[in-house]
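# Working through the structure, step by step
Below are the chains, spelled out letter by letter.
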Amino acid sequence: MTQLLIKNGFVIDPLNNIHGEVVDIGVKDGKIVPPDDVDLRYAKVIDASGKLVVPGGVDVHTHVAGPKVSVGRLLMPNDHYKKGGRVVAIPGIKRSGTGIAVPSVTTIGYKYARMGWTMVMEAASPPLYTRHTHHELDDTPIVDKGVNLLLDSNWFILEYIEQKAQERVNAFIAWILEATKSYAVKLVDPGSAEAWSLGVATKPLDVDEVIPGTSVTPKDILVALANAVRDLKIPHPIHVHANMLGIPGNYVSTINTIKAVADIVNQRGLSIHLAHIQFNAYKGDSYATMTSGAEELAKLINTLTGVTFDMGQVVFMPTVTMTADAPWEYVLYHITKWKWAAGDVENETASGVVPYTFRRHIYTNVIQWGIGLELALLVKDASKVVISTDHPNAGPFTRYPQIIAWLMSKKARENEMKKLNKRALKRLALPAIDREYTFEEFVLTTRVAPAKIIGVEKFKGHLGVGADADIAIYDIDPRTYDPSRDYKKLVKAIKYAAYTIKGGEIVVKDGKIVKTIYGRTFYTKTRTDPKIMHEVLEDIKSKFNEWYTITFNNYTILEQELHKPYAITPV
Ligand SMILES: [Zn+2]
């Protein structure tokens, strides 16, 4: 396989205590090796003088594959005619694609790679339709991937929680992650989809409300699933879209969500990852009076070591919202009064898809824009923060370079604020915040933190010997360049990496795709008590006949159905 020697680059690799120094990096057989191990007779030498060398980016929360993403594409045909989303095929090098807000699978892989990102986690897949999710992920070029599995409204889990049978919850989760080749446990507005599907609730539920038709609360689900993740040693903590998303006043629900599970810590010291926290950080009792709850949430998160979040940062452009939080999409449809698609997944979950445009003159949208940045800047430890737009909910992932510029340059924020609703800006703390992220914090929030949260930091998120050779090289030199002043250069450099190397192969050069390869799909294979697993399997098999339109045998996704499956077995 290809051997590479990356010479004279300015390396930031916090996990290996390299905080900005010139280090040569060797690559052989897809892994990072000591530079001396590279055989220069066969190696390609990359001169990275004056360039920044960092690990490949990792996205912990992005909606890139599965049924609701396809529905989003169908709802927005106009998104696929725009020139900016067009990827023109070059035979033997790259395939074609389209789309800006909800791009096609090929476009997604290529655009992530062009920015220097090399791993993405599909944020929410319904178990029954995860075969579809895998088909799209298999077709997504370059990046490694994994699936967050929607489990909070699953009938089996709700029944076992009602029976207070934690061991059965654990066994069921062990089974379903392996059966669907999924990676992590995802909760969306815990329990609400169940009540929505049964037609017994038409609004989002709060953490302590009993879910109609059951005897459990969202809090019970949070606790049971956090316990299961800890007991099964699943690498990624529970990944939670908290209750009351999008509703003014919801920052209190988010605090209660965090407190419900803060003491349930996995073997890696983490208790909860809050997805797109911006949407769950609102103060006030109406959209007209909504303000930021970022200070309160940041204060709490600063005191807890096991709580992490991704931003869900708003960018101003037309996009499509999509979530398993079906009741919220129903609310949003009544706000937008345009298009809405709803989905129900038998026995498991529900969903909604609504196109939406965030606008600079709208008070609420500007408050939302400010909240994401406030949270990232008020939480002191950047290794708790991950950059995200909850793609495509608050905007497409292709805007990450702009978000990084807002975090690294107060001037970039001020220039944006000149165009925004003045009344909203007066109610935000953001204009008074001076903090600017350093280059190291850029690496923490886009590489190190996401790799650690997912639990792949042994081979992702760093450039030490033995790590996967996933590397981004950007045409900027932190020794001579100050992003706080000339932030536009930063946006350009990150949008179009000088090089992206994936698994030891050069896939991007000078911002252009030069090779199409396919990454692995990570999934979790855990072990649990064989006796309880046997009992639970018997229960699953008998109820499949009663509950499902699909048979038990057809439900299970085999390893050979995936292009490149890669099982993580917790020890
Ligand atoms: Zn999401």
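Refer to the structure printed above.
Note that the coordinates shown come from a computational prediction; the quantities given were computed from them, not determined experimentally.

## Observations concerning unusual backbone geometry
- At the junction of H391 and P392, the peptide bond is cis and its omega measures out at -5° in the coordinates.
- Topologically, P392 is positioned in the loop between strand 20 (385–386) and helix 12 (400–408).
- Positive phi is not limited to glycine here, since N17 has a value of about 60°.
- With respect to the helices, strands and loops of the structure, N17 is situated in the loop between strand 2 (10–13) and strand 3 (18–22).
- Not every positive phi belongs to a glycine, and D29 is a case in point at roughly 50°.
- Among the secondary structure elements, D29 is positioned in the loop between strand 4 (25–28) and strand 5 (31–33).

## Comments concerning the environment of T257
- Checked against the element boundaries, T257 lands in helix 8 (residues 251–261).
- Residue class for T257 comes out buried when judged on its relative accessible area of 0%.
- In this structure, the C-alpha to C-alpha distance between T257 and A124, residues 133 residues apart in sequence, is 19 Å.

## Description of the nonpolar core
- In this structure, Y112, I173, W175, L225, I238 and Y474 are the most contacted members of the largest nonpolar core, which totals 141 residues.
- The contacts of I238, once residues within four sequence positions are left out, are V185, L187, L222, L225, A226, V229, V261, S271, I272 and H273.
- Ranked by size, the runner-up nonpolar core spans 18 residues in total, among them A48, I471, I473 and I506.

## Some remarks on the side chain of T500
- Tracing the backbone shows T500 in strand 22 (residues 499–502).
- With a relative accessible area of 0%, T500 lands in the buried category.
- Excluding residues within four positions of it along the chain, T500 makes contact with A113, G116, T118, I471, E505, I506, V507 and V508.

## Quick look at the packing of helix 9 (residues 294–303) against helix 11 (residues 363–378)
- Between helix 9 and helix 11, whose axes approach to 9 Å, the crossing angle comes to 30°. Here helix 9 is positioned roughly parallel relative to helix 11, judged by the angle of their axes. Crossing of helix 9 against helix 11: the hand is right-handed. Across from A294, E295, L297, A298 and N302 in helix 9, the residues of helix 11 making contact are I371, E374, L375 and L378.
- Looking at the contact of helix 9 with helix 11, its residues break down into six nonpolar, one polar and two charged.

## A closer look at the sheet that holds strand 19 (residues 349–357)
- Strand order in this open sheet of three strands is 17-19-18, and the pairing throughout is antiparallel. This sheet does not close on itself; its edge strands, each paired only once, are strand 17 (318–323) and strand 18 (341–345). Direction aside, the axes of adjacent strands within the sheet are offset by 15° on average.
- When strand 18 meets strand 19, the two strands line up antiparallel, connected through five bridges. The partner of A342 across the bridge, within strand 19, is G352.

## Examining the pattern of salt bridges
- By the definition in use, this model includes 29 salt bridges.
- The salt bridge involving R73 is made with E136; its shortest N-O contact spans 3.4 Å. Here E136 lies in helix 3 (residues 130–138) and R73 lies in helix 1 (residues 67–75), a separation of 63 residues in the sequence.
- The buried category is assigned to R73, whose relative accessible area is 14%.

## Looking at the sheet that holds strand 1 (residues 3–7)
- Ordered by their spatial adjacency, four strands build an open sheet running 5-4-1-6, and the pairing between neighbours is mixed. Of all strands in the sheet, those with a lone pairing partner are strand 5 and strand 6 (44–47), marking the two edges. Shown here is a sheet whose adjacent strand axes are inclined to one another by a mean of 25°, direction ignored.

## Things to note about the packing of aromatic side chains
- Under the defined criterion, the tally for this structure stands at 25 aromatic pairs.
- On the basis of an interplanar angle of 25° and a centroid distance of 5.2 Å, the ring pair of Y333 and W340 is categorised as stacked.
- Given the relative accessible area of 26%, Y333 is considered partly exposed.
- By relative accessible area, W340 is classed as partly exposed at 31%.
- Judged by centre distance (5.6 Å) and plane angle (90°), the rings of F544 and F552 are edge-to-face.
- On the basis of relative accessible area, F544 is assigned to the buried category, the value being 2%.
- For F552, a relative accessible area of 15% puts it in the buried group.

## A few points about the pairing of strand 23 (residues 505–509)
- Where burial is concerned, most of strand 23 is hidden: four out of the five residues are buried.
- As defined by bridge partners, strand 22 adjoins strand 23 across four bridges and the pair is classed as antiparallel. Across the sheet, Y499 pairs through a bridge with K509, a residue of strand 23.
- Hairpin connection between strand 22 and strand 23: a loop of two residues separates the two successive antiparallel strands, and G503 in this loop has a positive phi of roughly 55°.
- Both strand 23 and strand 24 (residues 512–513) contribute to a ladder of two bridges, which runs antiparallel. Bridging from a neighbouring strand, K509 pairs with K512 of strand 24.
- Hairpin geometry of strand 23 and strand 24 is characterised by an intervening segment of two residues between the two adjacent antiparallel strands and by a positive phi of about 50° at D510.

## What about the packing of helix 4 (residues 155–162) against helix 17 (residues 530–547)?
- Contact geometry for helix 4 and helix 17: axes closest at 12 Å, N-to-C directions at 125°. On the basis of their axis angle, the class for helix 4 and helix 17 is oblique. As for how helix 4 packs across helix 17, the hand of that crossing is right-handed. Residue-level contacts link W155, F156, E159 and Y160 of helix 4 to V536, D539, I540, K543, F544 and W547 of helix 17.
- By residue class, the composition of the contact of helix 4 with helix 17 is seven nonpolar, no polar and three charged.

What counts, and at which threshold
- Residues numbered from 1 in each chain as written.
- Predicted model: local features only at pLDDT ≥ 70, side-chain atom pairs only at ≥ 80, totals over all residues.
- Heavy atoms only, no water.
- Helix = DSSP H or I, 4+ residues; strand = E, 2+ residues; numbered from the N terminus.
- Buried < 20%, exposed > 50% of the residue type's maximum accessible area, 1.4 Å probe, protein only.
- Core = buried A, V, L, I, M, F, W, Y, C linked by side-chain atoms within 4.5 Å.
- Contact = heavy atoms within 4.5 Å.
- Axes fitted to C-alpha atoms, helices over the stretch in contact; angles between N-to-C directions.
- Parallel < 35°, antiparallel > 145°, perpendicular 65-115°, else oblique.
- Left-handed = near helix turned anticlockwise from the far one by under 90°.
- Nonpolar A, V, L, I, M, F, W, Y, C, P; charged D, E, K, R; others polar.
- Pairing = 2+ DSSP bridges.
- Salt bridge = Lys/Arg side-chain N within 4 Å of Asp/Glu carboxyl O.
- Phe/Tyr/Trp six-rings, centres within 6.5 Å; stacked < 30°, edge-to-face > 60°.

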